[in-house]
Amino acid sequence: MKTQMLVNGTVIDHLPEGMGLHCLEILKKHLQGSETLIVFINVPSSQQKKKDMIKIQDFYLDDATSTYLSLLAPHITINIIKDAQVVKKINPEIPFEIKGTIACINSRCISNTEGYTPEYDVQSKEPVILKCKYCEFEFTPG
Amino acid sequence: MKKDLVNIKDLSNEEIMKLFVVADEMNQAIQNEQKLDLCKGKILATLFYEASTRTRLSFESAMFRLGGSVLGFSSTEGSSVSKGESLADTIRTVASYSDVIAIRHPNEGSARVASQFSNVPVINGGDGGHQHPTQTLLDLYTILKEKGSFASLNVLISGDLKFGRTTHSLAISLARFGVKMCFASPPGLEMPDYIMRTLSDEFKVIPKVANNMRDFIHEADVIYVTRVQRERLGEMEYLKFRDSYVVSEEMLRSAKKDAIVLHPLPRVNEIARDVDQDPRALYFKQAYNGVPVRMALIATLLGVL
């Protein structure tokens, strides 16, 4: 399948099958709305059998969003493209501790009710399990 | 550096046992009607955003018996919380009026936030359905006083284990002391996964689990009963669970002769009134123990011993 070549921007690769549109939802709040982007769904892959992928022209992910995406899809690769060349390939590392980025799923947690910055210990990286430092609830981001 | 009690894990087993030695001395002082002045000139702030009888009053009684003073509120009405003041701002202010803060709050993790914004020690008097570490201290103290040691005990923890915060801190501390446990709760009110995982991963303890306490009552040395936490359930859900378990004299016939029945109180209907006459029913003695144990805790955190 031929698609328009990305000259400058970001390719989010190796998203698990079905994650492309979900990932786009997450990215929406960071986008201006004027970027050219393509979401690939069910792309044949030697590693994953099928994968999703997103290409966004003139857009670069910040570290917090990269971490967030890695929590949802631990094996993603983020390629930074400049002048049609891959200048940087990032495999976001899931840290042992996370601050901000994602809301606690426990609606009774004080971080939700009074807006304190959520903090987590990463209990497991595969599958990703976060433990809220306030209420100790454990959950897999999704 | 100030020390808080937000989570029962904030105290090591050794620190807990040291507290109990002090609690014995405090108990002796109460029994001897001895006037203490260990906390003379010190102020305890009790910030109770949720209803309480025993926790708040025993904290206040403890501070008075230590010769200190108390200020605070027992509901958010009449305080600036009702005007929308944040927990952080309330804590910053109250910390400047007091030497130690005891807080109860409906949101899980609130005591941790309080400890972050306070420059005086913070004691968690119950944060939502999360933890109630001082209740656990008096539960452990009562068990130790009545049974002599934690060795070879089998503790049945029953009732609303999902929202019953006292059961969460108790299960963790009992596991840390190597005590065998079994959990009985109606379907839907089981012990949360994160507690079960903590027990197995950190302490290698895997309690037996059932939906009916009759399955375990004959083998338990301690029968710990909790009420359905109405305030954390919808009314329909509460009605579904309300009568789902009741400890009665008939049920206790199959319990060990030297078993003890504990309850953090308040009791609603989960322990029948006729059980009160049973010498194994120790929940009011347990409630009394809240005073010497909290005296020991306050004095320790204030460094006045």
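Residues numbered from 1 in each chain as written. Chains lettered and ligands numbered in written order. Predicted model: local features only at pLDDT ≥ 70, side-chain atom pairs only at ≥ 80, totals over all residues.

Enquirer: Provide a residue-level description of the overall build of chain B, including the pertinent values.
Expert: What chain B contains, in helices and strands, is 10 helices and 9 strands. Over its C-alpha trace chain B gives a radius of gyration of 19 Å, about what one expects of a compact globule, namely 19 Å for 305 residues. Taking the principal axes of its C-alpha atoms as reference, chain B extends roughly 50 × 45 × 40 Å. Counting every position in chain B, which comprises 305 residues, the buried fraction comes to 49%. By sequence separation, contacts in chain B at least 24 residues apart represent 75% of the contacts at least 6 residues apart. (Helix = DSSP H or I, 4+ residues; strand = E, 2+ residues; numbered from the N terminus. Rg over C-alpha atoms; globule rule 2.2 N^0.38 Å. Buried ≥ 20, exposed ≤ 12 C-beta atoms within 10 Å, placed from the backbone. Contact = placed C-beta atoms within 7 Å.)

Enquirer: Summarise the nonpolar core; cite the residues concerned and give the values.
Expert: Ranked by internal contacts, the top residues of the largest apolar core, which has 97 residues, are B:Ile101, B:Leu156, B:Ala171, B:Val222, B:Ile223, B:Val261 and B:Ile298. When residues of this core are assigned to their parent elements, the largest contribution, 10 residues, is made by helix 10 (residues 283-302) of chain B. Look past the residues within four positions of B:Ile223 in its chain and what remains in contact with it is B:Leu156, B:Ile217, B:Ala255, B:Ala259 and B:Val261. Core analysis: the next-biggest nonpolar cluster, separate from the first, contains 14 residues, A:Leu27, A:Leu69, A:Leu71 and A:Ile78 among them. (Core = buried A, V, L, I, M, F, W, Y, C linked by C-beta atoms within 7 Å.)

Enquirer: Just give me the short version of the environment of B:Ser158, but keep the residues and values in it.
Expert: All names here are of chain B. Mapped onto the elements, Ser158 comes out in strand 5 (residues 154-158). For Ser158, a count of 26 C-beta atoms within 10 Å translates into the label buried. Sequence separation between Ser158 and Ser185 is 27 residues; the distance between their C-alpha atoms is 5.6 Å. With residues near it in sequence (within four places) discarded, Ser158 still touches Ala184, Ser185, Met213, Tyr224, Val225 and Tyr245.

Enquirer: Give me the lowdown on the domain arrangement of chain A, citing residues and values where you can.
Expert: Residue and element names in this part refer to chain A. You can read the domains of chain A as domain 1 (9-90) and domain 2 (97-139). Put simply, the middle of domain 1 and the middle of domain 2, counted by C-alpha atoms, are 24 Å apart. At the interface, 5 residues of domain 1 touch 7 residues of domain 2. For the side of domain 1 that touches domain 2, the residue count by class is 4 nonpolar, 1 polar and no charged. (Domains from an automatic or database assignment. Nonpolar A, V, L, I, M, F, W, Y, C, P; charged D, E, K, R; others polar.)

Enquirer: Requested: an account of the interface of chain A and chain B, with residues and values cited.
Expert: The partner chain B presents 14 residues to the 15 residues of chain A that form the contact. Looking at the side of chain A that touches chain B, the elements with two or more residues in it are helix 3 (110-113) and strand 8 (128-132) of chain A. No other element matches helix 3 of chain A, which puts 3 residues into the side of chain A that touches chain B. Of the residues assigned to the side of chain A that touches chain B, the class counts are 7 nonpolar, 3 polar and 5 charged.

Enquirer: Residues and numbers for the sheet that holds strand 1 (residues 43-48) of chain B, please.
Expert: Across a sheet, strands are paired by hydrogen bonds formed along the backbone, either parallel or antiparallel in direction. Residue and element names in this part refer to chain B. The strand order across the open sheet formed by 4 strands is 2-1-3-4, and the pairing between neighbours is parallel. The open sheet has two edge strands with one neighbour each: strand 2 (69-73) and strand 4 (122-127). Put simply, the sheet's adjacent strands are angled 15° from each other on average, direction ignored. Where strand 1 meets strand 3 (residues 100-105), 5 bridges bridge the pair, whose relative direction is parallel. Across the sheet, Leu47 pairs through a bridge with Ile103, a residue of strand 3. Set on the sheet, helix 2 (residues 54-65) makes contact with strand 1, strand 2, strand 3 and strand 4; between it and strand 1 the angle comes to about 175°. (Pairing = 2+ DSSP bridges. Axes fitted to C-alpha atoms, helices over the stretch in contact; angles between N-to-C directions.)

Enquirer: Go over the sheet that holds strand 2 (residues 37-45) of chain A with me, naming the residues and quoting the values.
Expert: Residue and element names in this part refer to chain A. The 5 strands lie next to each other as 2-3-1-4-5, forming an open sheet whose pairing is antiparallel. This sheet does not close on itself; its edge strands, each paired only once, are strand 2 and strand 5 (85-90). Neighbour to neighbour, the strand axes of the sheet diverge by 20° on average, direction disregarded.

Enquirer: Give me helix 10 of chain B: which residues, what numbers.
Expert: Residue and element names in this part refer to chain B. Across its 20 residues, helix 10 extends 29 Å between first and last C-alpha, which sits within 8% of the 28 Å expected from 1.5 Å per residue. Counted residue by residue, helix 10 has 15 buried out of 20 residues, so it is predominantly covered. One or two residues past the end of helix 10 sits Gly303, with phi positive at roughly 65°. (Expected span 1.5 Å × (residues − 1).)

Enquirer: Kindly report on helix 1 (residues 13-31) of chain B, identifying the contributing residues and their values.
Expert: In this model, helix 1 of chain B (19 residues) spans 27 Å end to end at C-alpha, consistent with the 27 Å of a helix rising 1.5 Å per residue. Residues of helix 1 of chain B that are buried sit in contact with helix 5 (133-147) and helix 10 of chain B.

Enquirer: So what's going on with the pairing of strand 3 of chain B? Residues and values would help.
Expert: Residues and elements named next belong to chain B. Most of strand 3 sits out of view: 6 of its 6 residues are buried. Judged by which residues are buried, strand 3 turns out to be covered on both faces: Val100, Ala102 and Arg104 on one side and Ile101, Ile103 and His105 on the other are all buried. In the classification by handedness, the crossover that spans strand 3, the intervening helix 4 (residues 110-117) and the parallel strand 4 is right-handed. (Right-handed = clockwise from strand over helix to strand, strands pointing away.)

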